[in-house]
Amino acid sequence: MIEANGIVQEVQGRTVLNGLNCRFDMGKIYGIIGPNGVGKSTFLQLLSGVERPKAGDVLLEGRSIYAYPRKQLARRMAVLQQSGLPPVGFSVREVVGMGRYPYQGWLGSDSDDSEAVIDEAIKAMGLTELRQRKMDQLSGGERQRVALAKLMAQQPSIILLDEPTTYLDIGFQVQLLDTVRAWQRERNLTVIAVLHDLNLASLYCDELIVLHRGAIAAAGAARDVLTAELIGRVYETTASIVAHPLTGAPQIMLQPSSYRDDGR
Ligand SMILES: Nc1ncnc2c1ncn2[C@@H]1O[C@H](COP(=O)(O)OP(=O)(O)OP(=O)(O)O)[C@@H](O)[C@H]1O
């Protein structure tokens, strides 16, 4: 379990997160949503243990995440950053192999099963044909799949994703989230993802956490959280909520502010 207790964080002298408390149970997919600039990425950074809050603590299995040695934490938790795509010049195989760094011994020696783990991650992401290709010779969608394969090779039990579908077309968005969910179910992973697309968040997340004005405005299952009232209050826009015709998950229909009841 991951617990965020009384998290306060300032960015450039401004309080962005003002006393957040929440709990992430293992084996679920969580979506962190909220308007631009509300502090979603800041919160994810704190949950990853990379940044420390001004006040409060993040506990992983009851122990402060900031007290874990780096490599030990990396064996439990992997992070897909918004701009975290690996450097150009390396091949797909090399980049996926970088996911094994938490398991390397002194002098960079690999653990015995590293080759097999890397091959499995490459296969799972459909990258076998591209394994020798250089990173700068890939499309945006392919690069994102490499980034995810690198995460897989890290064999974490918790993954943090910062806007993983940015720059992907709708086909790749669904493909990426399908892959994450299949992997999550197979390994009983805990996934915490910052997502902008509320409809995708509703379709893929077990629970949503809505940030607004430094606090948690709502948390829970999408059907309880995504209401027209909440969308109006948090995003300051009018929306109609409809049930997805197949899954029943709430889906948001946006509405132009010029719309009038007579339909013109
Ligand atoms: N390097 C920085 N310098 C100055 N201000 C920053 C910096 N990084 C973030 N901020 C500010 O901190 C606040 C929180 O930023 P953060 O990126 O966490 O928000 P977010 O909810 O993830 O935003 P978005 O939805 O636009 O990605 C914002 O108001 C942002 O302007």
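Residues numbered from 1 in each chain as written. Predicted model: local features only at pLDDT ≥ 70, side-chain atom pairs only at ≥ 80, totals over all residues.

In the annotation of an unreviewed UniProt entry, the entry for the protein chain reads ABC transporter ATP-binding protein, and the organism field reads Paenibacillus arenilitoris.

1. Examining the sheet that holds strand β9 (residues 207-212)
The six strands lie next to each other as β6-β7-β8-β3-β9-β10, forming an open sheet whose pairing is mixed. Taken across any chain shown, the strands that pair with only one partner, and hence form the sheet edges, are β6 (77-80) and β10 (215-220). Strand-to-strand, the axes of this sheet are offset by a mean angle of 15 degrees, without reference to chain direction. Summarising the sheet, strand β7 (residues 158-162) and strand β8 (residues 190-194) pair through five bridges and their orientation is parallel. Bridged to Ile159 within β8 is Val191. (Pairing = 2+ DSSP bridges. Helix = DSSP H or I, 4+ residues; strand = E, 2+ residues; numbered from the N terminus. Axes fitted to C-alpha atoms, helices over the stretch in contact; angles between N-to-C directions.)

2. Things to note about the nonpolar core
One finds Ile32, Leu47, Val96, Ala121, Ala149 and Ala201 to be the most contacted residues of the largest nonpolar core, which totals 62 residues. The biggest single contributor to this core is helix α5 (residues 140-153), with seven residues. (Core = buried A, V, L, I, M, F, W, Y, C linked by C-beta atoms within 7 Å. Buried ≥ 20, exposed ≤ 12 C-beta atoms within 10 Å, placed from the backbone.)

3. Looking at unusual backbone geometry
Despite not being glycine, Arg213 has its phi angle at roughly 50 degrees, a positive value. Classification of Arg213 as exposed rests on a count of 12 C-beta atoms within 10 Å. One non-glycine residue, Glu236, lies in positive phi territory at about 55 degrees. Note on placement: Glu236 falls in the loop between α9 (228-235) and β11 (239-243).

4. Some details on the site of the ligand
Close contacts around the ligand come from Val11, Gln12, Val16, Gly34, Asn36, Gly37, Val38, Gly39, Lys40, Ser41 and Thr42, and that covers them all. Examining the composition of the shell around the ligand, we find that three residues originate from one element, helix α1 (residues 40-47), more than from any other. For the shell around the ligand, the residue count by class is three nonpolar, seven polar and one charged. (Near = placed C-beta within 6 Å. Nonpolar A, V, L, I, M, F, W, Y, C, P; charged D, E, K, R; others polar.)

5. What about the sheet that holds strand β2 (residues 14-24)?
Pairing is antiparallel across the open sheet formed by four strands, whose spatial order is β2-β1-β4-β5. Lying at the two open borders of the sheet, with one neighbouring strand each, are β2 and β5 (63-64). Sheet topology places strand β4 (residues 55-60) next to β5; two bridges connect them, and they run antiparallel. Bridge pairing in β5 places Leu60 opposite Arg63. Docked against the sheet, α1 engages β1 (2-11), β2 and β4, running at close to 125 degrees with respect to β1. (Contact = placed C-beta atoms within 7 Å.)

6. Brief notes about the pairing of β7
Among the five residues of β7, four are classified as buried, and the element is accordingly described as predominantly covered. Direction of pairing for β6 relative to β7: parallel, over a ladder of four bridges. Counterpart to Leu80 in the pairing with β7 is Leu161. With helix α6 (residues 170-187) bridging β7 and the parallel β8, this β-α-β connection has right-handed handedness. (Right-handed = clockwise from strand over helix to strand, strands pointing away.)

7. Looking at α6
Across its 18 residues, α6 extends 26 Å between first and last C-alpha, which sits within 8% of the 26 Å expected from 1.5 Å per residue. What α6 keeps buried is the set Gln173, Leu176, Leu177 and Val180. Buried residues of α6 fall within an arc of 90 degrees about the axis and therefore sit on the same side. Residues Gly171, Asp178, Ala182, Arg185 and Glu186 are exposed on α6 and point more than 90 degrees away from its buried face. (Expected span 1.5 Å × (residues − 1). Arc of directions from axis to C-beta.)

8. As for the environment of Glu207
Looking at the element boundaries, Glu207 is found in strand β9. On the neighbour-count criterion, Glu207 (18 C-beta atoms within 10 Å) is partly exposed. C-alpha of Glu207 to C-alpha of Val8: the two residues are 199 residues apart in sequence and 22 Å apart in space. Sequence-distant contacts of Glu207, that is, excluding residues within four places in its chain, are made with Lys28, Tyr30, Ala219, Gly220 and Ala221.

9. Re the packing of helix α4 (residues 114-124) against α5
Contact geometry of α4 with α5 gives a least axis separation of 9 Å together with a crossing angle of 145 degrees. Handedness of the α4/α5 crossing: right-handed. Residues Val117, Ile118, Ala121, Ile122 and Ala124 of α4 form the contact with α5, whose own contacting residues are Ala149, Met152 and Ala153. Looking at side-chain class alone, the contact of α4 with α5 contains eight nonpolar, no polar and no charged residues. (Left-handed = near helix turned anticlockwise from the far one by under 90°.)

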